[in-house]
Amino acid sequence: MTPAVFPPLDARLEAVANLIRAPLHADIGSDHAALPLALLHRQRVERVVIVEKTAGPLEVARQAVSLAGLEDRATLRRGDGLDPLLPRELESVSITGLGQRTMLGILERGLGAGKQPETLVVQPNDGAGLLRAWATGHGYWLVAEALAPGFWRYPVLRLEQAGGPDPAYQGLPEAAASVYGPHLLRQRHPLLVQEVQAQLRRLEGLERHARPQILSDLATARSVLAWLESSGG
Ligand SMILES: C[S@@+](CC[C@H](N)C(=O)[O-])C[C@H]1O[C@@H](n2cnc3c(N)ncnc32)[C@H](O)[C@@H]1O
């Protein structure tokens, strides 16, 4: 019998896997399928649905599932975002390794089709401010966050449908928490300081253009640094 082979998880996908536990989980844009296979292998989930919009990556995922010997617990479907999911498959959903605007497109198209995941774990590649704001406006609480090391610092968000204002933001400066993450701020996450400093360097390089968005982002980054210092860091 051939031994099962599992694609390894990098620190980014490790951080994602640590925030997922559910009987049935759907991963959107799986490509190599490393995440859903690790979730099965580690018994964090019992069954997975793997969604890919592109034929090539779907085939890569199919081969990975076969090498892991998990065909009986993984369903593969080709399609866009949440489209291929049945209602009961919206209990727990992840989307990782894409830009946050692409993710928002997937979530908005899902909403338009009446598909809203109960629990969402998202890992955007380019900051998470838009996703945090979207979550607040669409009845989700941000229940956990991580920041993973890698080529960039990757935010990971676990969102759960809930009613009323999200307690994660209580007592924090609004813009700072929305852009940089309320849990990361409260934890004074070591990578957050690096992230704010990197953003400050980038924004200070653009300050001379005096674009309103740049000046506003710069003020937010400075306020985060001030908040981290003033609250005893
Ligand atoms: C950069 S890879 C990320 C793979 C993996 N999720 C990770 O984090 O390492 C993005 C994958 O998402 C797929 N993808 C992009 N947009 C999608 C969509 N709207 N629906 C389903 N899959 C999508 C692409 O085909 C590609 O295989």
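Keep in mind it's a predicted model, so treat the numbers as computed, not measured. (Residues numbered from 1 in each chain as written. Predicted model: local features only at pLDDT ≥ 70, side-chain atom pairs only at ≥ 80, totals over all residues. Heavy atoms only, no water.)

## Points about the overall build of the protein chain
When you go through the protein chain residue by residue, the secondary structure sums to nine helices and seven strands. Here the C-alpha radius of gyration of the protein chain, 19 Å, is about what a compact globule of 233 residues would show, namely 17 Å. Dimensions of the protein chain along its principal axes, counting C-alpha atoms only, are 60 × 35 × 35 Å. Here the protein chain holds 233 residues, and the buried ones make up 49% of them. Of the contacts made within the protein chain by residues no fewer than 6 positions apart, 65% connect residues no fewer than 24 positions apart. Just so you have it, the protein chain exposes about 11,300 Å², and 54% of that area is on carbon and sulfur atoms. Looking at charge distribution, the protein chain has the averaged site of its 24 positive side-chain charges lying 2 Å from that of its 25 negative ones. (Helix = DSSP H or I, 4+ residues; strand = E, 2+ residues; numbered from the N terminus. Rg over C-alpha atoms; globule rule 2.2 N^0.38 Å. Buried < 20%, exposed > 50% of the residue type's maximum accessible area, 1.4 Å probe, protein only. Contact = heavy atoms within 4.5 Å. Areas by Shrake-Rupley, 256 points an atom, 1.4 Å probe, with all protein chains shown as cover. Lys, Arg positive; Asp, Glu negative; His and termini not counted. Charge placed at Lys NZ, Arg CZ, Asp CG, Glu CD.)

## So, helix α4 (residues 100-112)
Counting along an α-helix, one turn takes 3.6 residues, and residues three or four places apart therefore face a common direction. Spanning 13 residues, α4 covers 18 Å between terminal C-alpha atoms, matching the ideal 18 Å at 1.5 Å per step. When α4 is considered as a whole, its buried residues turn out to be Q100, M103, L104, G105, I106, L107 and G110. Where α4 is buried, its residues touch β1 (22-28), β4 (92-98), β5 (119-124) and α5 (129-137). (Expected span 1.5 Å × (residues − 1).)

## Quick word on the packing of helix α8 (residues 190-206) against helix α9 (residues 212-230)
Their axes nearest at 9 Å, the elements α8 and α9 cross at an angle of 145°. Helix-helix and strand crossings are classified by hand; for α8 and α9 the assignment is left-handed. Here V193, V196, L200, L203, E204 and L206 of α8 lie close against α9, whose contacting residues are I214, D217, L218, A221, R222, V224, L225 and L228. Here the residues of the contact of α8 with α9 are counted per class, giving eleven nonpolar, no polar and three charged. (Axes fitted to C-alpha atoms, helices over the stretch in contact; angles between N-to-C directions. Left-handed = near helix turned anticlockwise from the far one by under 90°. Nonpolar A, V, L, I, M, F, W, Y, C, P; charged D, E, K, R; others polar.)

## Re the domain arrangement of the protein chain
Domain annotation for the protein chain reports domain 1 (1-166) and domain 2 (171-233). Measuring from the centre of the C-alpha atoms in domain 1 to the corresponding centre in domain 2 gives 27 Å. Contacts between the two partners involve twelve residues from domain 1 and, on the opposite side, 15 residues from domain 2. Buried surface at the junction of domain 1 and domain 2, both sides included, amounts to about 980 Å², of which 56% is carbon and sulfur. Looking only at domain 1, the three residues that lose the most surface to domain 2 are E145, L147 and R153, adding up to 61% of its buried area. Along the contact surface separating domain 1 from domain 2 lie one salt bridge. The tally of links between domain 1 and domain 2 comes to six residue pairs in polar contact (both at pLDDT 80 or more). Residue assignment for the side of domain 1 that touches domain 2 shows that the elements contributing at least two residues are α5 and β6 (140-148). It is β6 that provides the largest number of residues to the side of domain 1 that touches domain 2, a total of seven residues. Looking at the side of domain 1 that touches domain 2 residue by residue, the classes come out as eight nonpolar, one polar and three charged. (Domains from an automatic or database assignment. Buried area = accessible area lost by both parts, 1.4 Å probe. Salt bridge = Lys/Arg side-chain N within 4 Å of Asp/Glu carboxyl O. Polar contact = N/O pair within 3.5 Å; in protein donor to acceptor, adjacent residues only side chain to side chain.)

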